[in-house]
Amino acid sequence: MPKPRRFDQSRRTLLRITPPMLAAFFVATCSRRFANSALPVASKDTPNSDISSTRVLSPTPTCGDEAVTPAQTAGPFFTPDSPERTSLLEPGMVGTRIVVTGQVLSTSCTPMANALVDFWHTNDQGDYDNQGYTLRGHQFTDSEGRYRLETIVPGFYPGRTRHFHVKVQAANQPVLTTQLYFPEEPLNQRDGLFRPELLMAVRDEGNGPQALFDFVLAMS
Ligand SMILES: [Fe+2]
């Protein structure tokens, strides 16, 4: 199956939408798989490797409750045509490794196969690479609508709490541009863009933080 065109607001992708999967699968995938954990804000003098976790509840919308993932601004640092890759890690990259996983779903819990998911974020010092594609990359969801990203925990910069930027586009659907946040970051409450619906569920069972977020898209 050919890959869709990358984010092009004027040219929507031409992919088929995967038919609904088994009901049991929906129940399993739409349920919360683990509670959030916290990533306390680190200053630029505090390595992200010091980050630890505690469990909190997530208000993130789930499929089946008619809620959709809220859109947010892309900000000024989006670069089109990022490389296709599921790992943004590069040799010598400083920062705490994190794995972000989840699904792209419709409000009726249908997995969106081959949906485009494009992440970009700062390094652990809060700086974007605006010249190249460091910590930028896109991928396509699998047959179950799943994505998996290996990267580092981003830093933060003046006026913003810690966040990922992401664009998500299912076949023949509009692009959702949004941001994902880390639970229990003190700066969340001072960031005017922060929305609790966009909190990832994060846990750390000793092998580094694992984040989960399911995107729920309204189908046009
Ligand atoms: Fe940003």
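Here, every reference points to the structure presented above.
Residues numbered from 1 in each chain as written. Predicted model: local features only at pLDDT ≥ 70, side-chain atom pairs only at ≥ 80, totals over all residues. Heavy atoms only, no water.

Student: Can you help me understand the overall build of the protein in this one?
Tutor: In terms of regular secondary structure, the protein is built from 1 helix and 11 strands. Secondary structure elements of the protein, listed N to C terminal, follow the sequence α-β-β-β-β-β-β-β-β-β-β-β. Expressed as a percentage of its 220 residues, the buried residues of the protein come to 54%. For the protein, the share of sequence-separated contacts (at least 6 apart) that also reach a separation of at least 24 residues comes to 73%. (Helix = DSSP H or I, 4+ residues; strand = E, 2+ residues; numbered from the N terminus. Buried < 20%, exposed > 50% of the residue type's maximum accessible area, 1.4 Å probe, protein only. Contact = heavy atoms within 4.5 Å.)

Student: Can you help me understand unusual backbone geometry in this one?
Tutor: Note: most residues except glycine have negative phi, and most peptide bonds are trans. In this structure, Asn-114 takes a positive phi of about 60° despite not being glycine. With respect to the element layout, Asn-114 can be found in the loop between strand E3 (97–106) and strand E4 (116–120).

Student: Any chance you could explain the side chain of Gln-173 here in plain terms?
Tutor: Locating Gln-173 in the fold gives a position in the loop between strand E7 (163–169) and strand E8 (176–181). You can call Gln-173 buried: its relative accessible area is 6%. Among the polar contacts made by the side chain of Gln-173, one reaches the main-chain amide nitrogen of Ser-220 at a distance of 2.6 Å. (Polar contact = N/O pair within 3.5 Å; in protein donor to acceptor, adjacent residues only side chain to side chain.)

Student: Looking at this model, I keep getting lost on the coordination of the iron ion. Mind explaining?
Tutor: Each donor-metal-donor angle in an ideal tetrahedron of four donors is 109.5 degrees, and each such angle in an ideal octahedron of six donors is either 90 or 180 degrees. Looking at the iron ion, one finds its protein donor set to be Tyr-128 (OH), Tyr-157 (OH), His-163 (NE2) and His-165 (NE2), positioned 1.8 to 2.1 Å from the metal centre. In terms of primary sequence, the donors binding the iron ion are separated according to Y-x28-Y-x5-H-x1-H. Here Tyr-157 matches His-163 in class, with each residue buried. (Donors = N, O, S within 2.8 Å, 3.2 Å for Na, K, Ca; no water.)

Student: What is the right way to look at the sheet that holds strand E5 (residues 136–140) in this model?
Tutor: What holds strands together in a sheet is hydrogen bonding between their backbones, with the strands either parallel or antiparallel. Spatially, the 4 strands line up as an open sheet ordered E5-E4-E7-E8, and their pairing is antiparallel. Because the sheet does not close on itself, it has two edges, and the strands there are E5 and E8. Pairwise comparison of adjacent strand axes, ignoring direction, gives a mean angle of 20° for this sheet. (Pairing = 2+ DSSP bridges. Axes fitted to C-alpha atoms, helices over the stretch in contact; angles between N-to-C directions.)

Student: What am I meant to see in the packing of aromatic side chains here?
Tutor: The geometry of an aromatic ring pair is captured by two quantities: the separation of the ring centres and the angle between the planes. All chains considered together, the criterion is met by 10 aromatic pairs. Taking the centre distance of 4.6 Å and the plane angle of 25° together, the rings of Phe-77 and Tyr-128 count as stacked. Highlighted residues: Phe-77 in the loop between strand E2 (55–56) and E3 and Tyr-128 in the loop between E4 and E5, separated in sequence by 51 residues. Exposure remark for Phe-77: the relative accessible area of 25% places this residue in the partly exposed category. Counting every residue linked through ring pairs, the aromatic cluster contains Phe-119, Tyr-147, Phe-164, Phe-182, Phe-213 and Phe-215. (Phe/Tyr/Trp six-rings, centres within 6.5 Å; stacked < 30°, edge-to-face > 60°.)

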